[in-house]
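Structural overview for review
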Amino acid sequence: RKEVEQDPGPFNVPEGATVAFNCTYSNSASQSFFWYRQDCRKEPKLLMSVYSSGNEDGRFTAQLNRASQYISLLIRDSKLSDSATYLCVVNRDDKIIFGKGTRLHILP
Amino acid sequence: EPEVTQTPSHQVTQMGQEVILRCVPISNHLYFYWYRQILGQKVEFLVSFYNNEISEKSEIFDDQFSVERPDGSNFTLKIRSTKLEDSAMYFCASRKDSQGAGTFGSGTRLTVV
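This report concerns the structure included in the present document.

What counts and how
- Residues numbered from 1 in each chain as written.
- Chains lettered and ligands numbered in written order.
- Predicted model: local features only at pLDDT ≥ 70, side-chain atom pairs only at ≥ 80, totals over all residues.
- Heavy atoms only, no water.
- Helix = DSSP H or I, 4+ residues; strand = E, 2+ residues; numbered from the N terminus.
- Buried < 20%, exposed > 50% of the residue type's maximum accessible area, 1.4 Å probe, protein only.
- Contact = heavy atoms within 4.5 Å.
- Lys, Arg positive; Asp, Glu negative; His and termini not counted.
- Charge placed at Lys NZ, Arg CZ, Asp CG, Glu CD.
- Phe/Tyr/Trp six-rings, centres within 6.5 Å; stacked < 30°, edge-to-face > 60°.
- 1 Å grid on protein atoms, 1.4 Å probe; cavity = no way out; pocket = protein on both sides within 12 Å on 5 of 7 lines; lining within 4 Å.
- Points joined across faces, edges and corners; volume = space filled by probe spheres on them.
- Nonpolar A, V, L, I, M, F, W, Y, C, P; charged D, E, K, R; others polar.
- Buried area = accessible area lost by both parts, 1.4 Å probe.
- Salt bridge = Lys/Arg side-chain N within 4 Å of Asp/Glu carboxyl O.
- Polar contact = N/O pair within 3.5 Å; in protein donor to acceptor, adjacent residues only side chain to side chain.

1. Examining the overall build of chain A
From N to C terminus, chain A includes zero helices and 11 strands. Judged by the C-alpha coordinates and their principal axes, chain A covers about 40 × 30 × 20 Å. When burial is assessed residue by residue, chain A has 49% of its 108 residues classed as buried. Considering only intrachain contacts with a sequence separation of at least 6, the fraction spanning at least 24 residues in chain A is 55%. Averaged over its 14 positive side-chain charges, chain A has a centre that lies 4 Å from the centre of its 12 negative ones.

2. Considerations on the packing of aromatic side chains
Summed over the entire model, instances satisfying the criterion amount to 17 aromatic pairs over all chains. Between the aromatic rings of Tyr36(A) and Phe104(B), the centroid separation amounts to 5.8 Å while the plane-to-plane angle is 85°, which identifies the pairing as edge-to-face. Pair noted here: Tyr36(A) is in strand 4 (residues 32-38) and Phe104(B) is in strand 10 (residues 103-104), and the two residues belong to different chains. Take Phe104(B): its relative accessible area is 6%, and that puts it in the buried class. Taken together, Phe34(A), Tyr36(A), Phe98(A), Tyr33(B), Tyr35(B), Phe45(B), Phe91(B) and Phe104(B) form an aromatic cluster joined through their ring pairs.

3. Re the layout of surface pockets
By volume, the largest pocket is sized at about 560 Å³. Forming the walls of the largest pocket are 28 residues, and the residues nearest its centre are Gln38(A), Thr85(A), Gln37(B), Gly40(B) and Gln41(B). Within the residue set of the lining of the largest pocket, elements represented by two or more residues are strand 9 (84-92) and strand 11 (102-107) of chain A together with strand 9 (88-95) and strand 11 (108-112) of chain B. Partitioned by chemical class, the residues of the lining of the largest pocket number 11 nonpolar, 10 polar and seven charged. One number sums up the size of the second largest pocket: a volume of about 430 Å³. Taken together, 20 residues line the second largest pocket, and the ones lying closest to its centre are Glu1(B), Pro2(B), Glu3(B), Thr103(B) and Phe104(B). Going through the elements one at a time, strand 5 (45-50) of chain A together with strand 10 of chain B are the ones with two or more residues in the lining of the second largest pocket. Classifying every residue of the lining of the second largest pocket gives eight nonpolar, six polar and six charged.

4. So, the environment of Leu74(A)
Residues and elements named next belong to chain A. By the element assignment, Leu74 lies in strand 8 (residues 70-75). In the structure, Leu74 is positioned 12 residues away from Tyr86 in sequence and 11 Å away in space, judged by C-alpha atoms. Those residues in contact with Leu74 that lie beyond four places of it in its chain are Thr18, Val19, Ala20, Arg59, Phe60 and Thr61.

5. Examining the interface of chain A and chain B
In this assembly, 19 residues from chain A lie in contact with 23 residues from chain B. A buried area of about 1900 Å², summed over both sides, lies between chain A and chain B, and 53% of it is on carbon and sulfur atoms. Considering only the side of chain A, the residues that lose the most area to chain B are Arg41(A), Asp94(A) and Ile96(A), jointly responsible for 33% of the buried surface there. Counting across the chain A and chain B interface gives one salt bridge. Glu56(B) is paired through a salt bridge with Lys95(A); the nearest N and O atoms lie 3.9 Å apart. Viewed at the interface, chain B and chain A are joined by seven residue pairs in polar contact (both at pLDDT 80 or more). Every element with two or more residues in the side of chain A that touches chain B is listed here: strand 4 and strand 10 (95-98) of chain A.

Structural data, given as C-alpha cells:
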C-alpha cells in the first residue's frame, strides 16, 4: 500500500465551482501535513499546512482527520489560475513524502 | 522571500559520465533533501541530510549516488556512471526544522543520452 494516496484525477471543473480533494496516509506515525501545488515542469510550492482544527486561507480550506488518517482540501470559487497538480504531503521522521498528486483543470 | 537555488537548470550528459547537481539551501535551514521526478510521475524522495550526515535515504539512493555539504552553503548531489533511467528533474529542498514545510528549488533537469 502506498504511504500517501490520492485520486490522480483529472478533475475538470467549471470556473467558479467548488472542488474538493482527498488524501489518505497509511503511517499513523506521520507528524505534519501539507498541501503543495505543482505547475507543469515546475517545482512543488507550498499551498498550506494542514491542522486537525482545520484551517482556511482565502478560498482554500484544509482539514486533517488523524483518526481516519485522511486529509482534505477544498477550493471555493475556483479560478483558471487554480489549474495545477495538487500534492498531498506528509512528514514522517526526516522524510517529506509526496502523494502522486491530483490534476485539476479549471474550465472557462 | 528566501529561495533555494539550484544549478544548472538543465544538464545533458552522456551515459556513464558523472554529474554533480548543486543546491544552495536557505541560509538558516538545517534539514536538506534531494528528490527526483521522472516526467509524468510522482516526486520521489532520495535522501535527507542533517547535522552533516545522511539521516535517511530511499532504496533509489544506491551506491551510484552521494551527497555532500562541502562548505557552509552548498549541498550537492553526485551521480556516478549515469544511466538513461537517471533522466529526471532533480529537486533540492530545505527546511528549518523537522516538522516544517520544505521549500523547493526550481530543479535541475538531467538528460542522460
